[in-house]
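Examination of the molecular architecture
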Amino acid sequence: MKLFFVSLGCDKNLVDSEKMLALLLEHDIVITDDAQEAEVIIINTCGFIRDAKEESIETILEMAEMKIKGHCHTLIVTGCLAQRYTEEIQEEIPEVDVVVGTTAYDRILEAVQEGSNDTHLCLMRDLDYLPQGLTDRVRTSSLHISYLKIAEGCNKRCTYCSIPSMRGNYRSVPMDELLDEAVKLAASGTKELLVIAQETTVYGMDLYGEKKLPELLQHLCRISGIQWIRVLYCYPEEITEELLFTIQKEKKICHYLDLPIQHCNDEILHKMGRRTDMDSLVHIIKKIREIVPDMALRTTLISGFPGETEQQHRECVEFVAEQGFDRLGVFPYSAEEGTAAAEFEGQISEDIKQKRADEIMEAEQNIIFQKNEEWIGKKCMVMVDGFMPEEGVYIGRTYRDAPDIDGCVFFRTENFSSEMELVSGTIVPVCITKANGYDLIGEVDREEEEL
């Protein structure tokens, strides 16, 4: 049986996709990259914001057409959109044979086996169920980079966010299971491990009664083969000194934190249901930089939240300039049905939301460009991500750059004397010679390489 798999959305969704593929490959199923020859098509969808939902729907319709015209006899839809709009998918897209919920992805083999029986199936579990023991993965992206999802769901209930309705409450994955999975990833070639969850900083509270992220990180650092560990999605109010000292002490942990703050104005933060205010944000940012002075801080913001005034927006622009974040992303507010914020008064037009997002990014752009200029003449360790033969240059990243979302380093190797092959995942010393916007350009540093 030939199967075509489409994975959409975030890195957390990607982990689910790779675990489903591992379950399927245990049986007589062959993965194909040609949808036209596939007998079974699976789409792991995203339903977080409007753009993601539109992409998921368009992909389902495209694959439904493929089922009509091609060899496909079973079309399966899983993931967040499937969880959130189960009935609508079944009613409006009759080509879909099986809908699988976010907590039932361990039933994907059942979906494949039963989906061709001309009966529309809906495979769901309780929203707070957590599949257990799924530590095998089929790698679908760069072999030297892996995401380790340490928890599912969220308890925060921000007023703009639909995640709890699709993913349930916060449930930590048992630590021994995570370590088993990480060992397998290392054995398959993983060099950089990205620790993810909807919120990583409260890992373990539900299982062990206390925050266990520092302990987990310490265990991960002992795994042979893994060279970089990067921690994402750390809610600022949950960051402890213990976590910061762990990052400062453990050499494998990148001095990089993803710190989603969403806004800085106290009134807007309160309306968002966030558990911070401007003073606490300033305090934790200062504390981070005191303990780990070279920490690269990334954050995300929402522009045009309902009721946001021009003055509150300007306050956010000024906050970005004052705090000097190393990396930043902005999302225009998306009104998601079923969330409290979608019913708030003062909804803002798409044009104004985008304009405000652009103004924040312009302020951040100046910061990043200036910081990149300061790297000229300095040496840094760079993880190789690939080679661009048409340009004759390698592409990689420093500890300051997460894959796919941050900047890159482009470098040549004319003076590289080592016999070591520069395959992806290799870490080499690079001397930065030029800054080019968000990216850096350099040469492998021969002197340091020969030490």
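Scroll up to find the structure.
The structure presented is a predicted model; accordingly, all values stated were derived computationally and were not measured. (Residues numbered from 1 in each chain as written. Predicted model: local features only at pLDDT ≥ 70, side-chain atom pairs only at ≥ 80, totals over all residues. Heavy atoms only, no water.)

**Some points on the sheet that holds strand 12 (residues 253-258)**
The six strands are arranged 7-10-11-12-13-14 in an open sheet whose pairing can be described as parallel. The sheet is open, and its two borders are formed by strand 7 (145-149) and strand 14 (327-332), each paired with just one other strand. Looking at each pair of strands side by side, their axes are set apart by 20 degrees on average, direction ignored. In this sheet, strand 12 lies alongside strand 11 (residues 228-231) in parallel orientation, the contact comprising two bridges. What sits directly across from Ile 229, in strand 12, is Ile 253. Contacts from helix 14 (residues 350-373) reach strand 13 (296-303) and strand 14 within the one sheet, and its direction differs from that of strand 14 by about 175 degrees. (Pairing = 2+ DSSP bridges. Helix = DSSP H or I, 4+ residues; strand = E, 2+ residues; numbered from the N terminus. Axes fitted to C-alpha atoms, helices over the stretch in contact; angles between N-to-C directions. Contact = heavy atoms within 4.5 Å.)

**Things to note about the nonpolar core**
Within the largest apolar cluster, 56 residues are counted, with the highest numbers of intra-cluster contacts made by Ile 150, Leu 220 and Leu 257. Setting aside residues up to four positions removed in sequence, Ile 150 forms contacts with Ser 172, Val 173, Leu 178, Val 195, Ile 196, Ala 197, Thr 200, Tyr 203, Leu 213 and Leu 216. Listed in part, the 21 residues of the second largest apolar core include Ile 41, Cys 72, Ala 82 and Ile 89. (Core = buried A, V, L, I, M, F, W, Y, C linked by side-chain atoms within 4.5 Å. Buried < 20%, exposed > 50% of the residue type's maximum accessible area, 1.4 Å probe, protein only.)

**Topic: the environment of Thr 190**
Within the secondary structure, Thr 190 sits in the loop between helix 7 (175-187) and strand 10 (192-196). The class of Thr 190 is buried, set by a relative accessible area of 0%. With 90 residues separating them along the chain, Thr 190 and Ser 280 place their C-alpha atoms 36 Å apart. With sequence-adjacent residues up to four places away left out, Thr 190 is seen in contact with Arg 139, Leu 143, His 144, Ser 146, Leu 185, Gly 225 and Ile 226. At a separation of 2.6 Å, a polar atom in the side chain of Thr 190 contacts the side chain of Ser 146. Here the side chain of Thr 190 touches Leu 185 through a polar contact of 3.0 Å, landing on its backbone oxygen. (Polar contact = N/O pair within 3.5 Å; in protein donor to acceptor, adjacent residues only side chain to side chain.)

**Observations regarding helix 7**
End to end, helix 7 covers 18 Å across 13 residues, agreeing with the expected 18 Å (1.5 Å per residue, within 8%). Those residues of helix 7 not exposed but buried are Met 175, Glu 177, Leu 178, Glu 181, Ala 182, Leu 185 and Ala 186. Close packing links the buried residues of helix 7 with helix 1 (11-25), strand 7, strand 10, helix 8 (205-208) and helix 9 (213-221). (Expected span 1.5 Å × (residues − 1).)

**Observations concerning a negative patch on the surface**
A cluster of like negative charges, contributed by Glu 87, Glu 88, Glu 91, Glu 92 and Glu 337, occupies part of the molecular surface. Residue placement: Glu 91 occurs in helix 4 (residues 86-92). (Patch = residues over 30% accessible without salt bridge, like charges linked within 9 Å, V, L, I, M, F, W, Y side chains within 5 Å. Areas by Shrake-Rupley, 256 points an atom, 1.4 Å probe, with all protein chains shown as cover. Salt bridge = Lys/Arg side-chain N within 4 Å of Asp/Glu carboxyl O. Lys, Arg positive; Asp, Glu negative; His and termini not counted. Charge placed at Lys NZ, Arg CZ, Asp CG, Glu CD.)

**Some words on the pairing of strand 10**
The side chains of a regular strand alternate, first on one face of the sheet and then on the other. Counting buried positions over the five residues of strand 10 gives five, a clear majority of the element. Of the two faces of strand 10, the one holding Glu 192, Leu 194 and Ile 196 and the one holding Leu 193 and Val 195 are both buried throughout. Of the strand pairs in this sheet, strand 7 and strand 10 are connected by five bridges, and their pairing is parallel. The partner of Ile 145 across the bridge, within strand 10, is Glu 192.

**Some details on unusual backbone geometry**
Positive phi outside glycine occurs at Arg 157, with the angle close to 60 degrees. The topology assignment puts Arg 157 in the loop between strand 8 (151-152) and helix 6 (163-167). Judged by its relative accessible area of 43%, Arg 157 falls in the partly exposed class. One non-glycine residue, Gln 262, lies in positive phi territory at about 70 degrees. Here Gln 262 is to be found in the loop between strand 12 and helix 11 (266-272).

**Some words on the side chain of Lys 353**
Locating Lys 353 in the fold gives a position in helix 14. Looking at Lys 353, its side chain comes within polar contact range of the side chain of Glu 350, at 2.8 Å. Excluding residues within four positions of it along the chain, Lys 353 makes contact with Ser 303, Gly 304, Pro 332, Tyr 333 and Ile 348.

**As for the sheet that holds strand 17 (residues 409-412)**
Strand order in this closed barrel of five strands is 15-16-17-19-18, and the pairing throughout is mixed. In this sheet, adjacent strand axes meet at a mean angle of 50 degrees when their direction is disregarded. Across four bridges, strand 17 lies against strand 19 (residues 439-444) in parallel orientation. Within the sheet, the bridge partner assigned to Phe 411 lies in strand 19 and is Gly 442.

**Re the packing of aromatic side chains**
Tallied over the full model, the rule gives seven aromatic pairs. Taking the centre distance of 6.1 Å and the plane angle of 80 degrees together, the rings of Phe 305 and Phe 344 count as edge-to-face. Pair noted here: Phe 305 is in the loop between strand 13 and helix 13 (310-323) and Phe 344 is in the loop between strand 14 and helix 14, with a separation of 39 residues, a long-range link. Put simply, the rings of Tyr 160, Phe 305, Tyr 333 and Phe 344 touch in pairs and so form one group of aromatic residues. Of note, Lys 212 hangs over the ring of Tyr 208, and the distance from its end group to the ring centre comes to 6.0 Å. The side chain of Arg 274 reaches across the aromatic face of Tyr 235, ending 4.8 Å from its centre. (Phe/Tyr/Trp six-rings, centres within 6.5 Å; stacked < 30°, edge-to-face > 60°. Lys NZ or Arg CZ within 6 Å of the ring centre and 35° of its normal.)

Distances and angles like these do not, on their own, reveal function.
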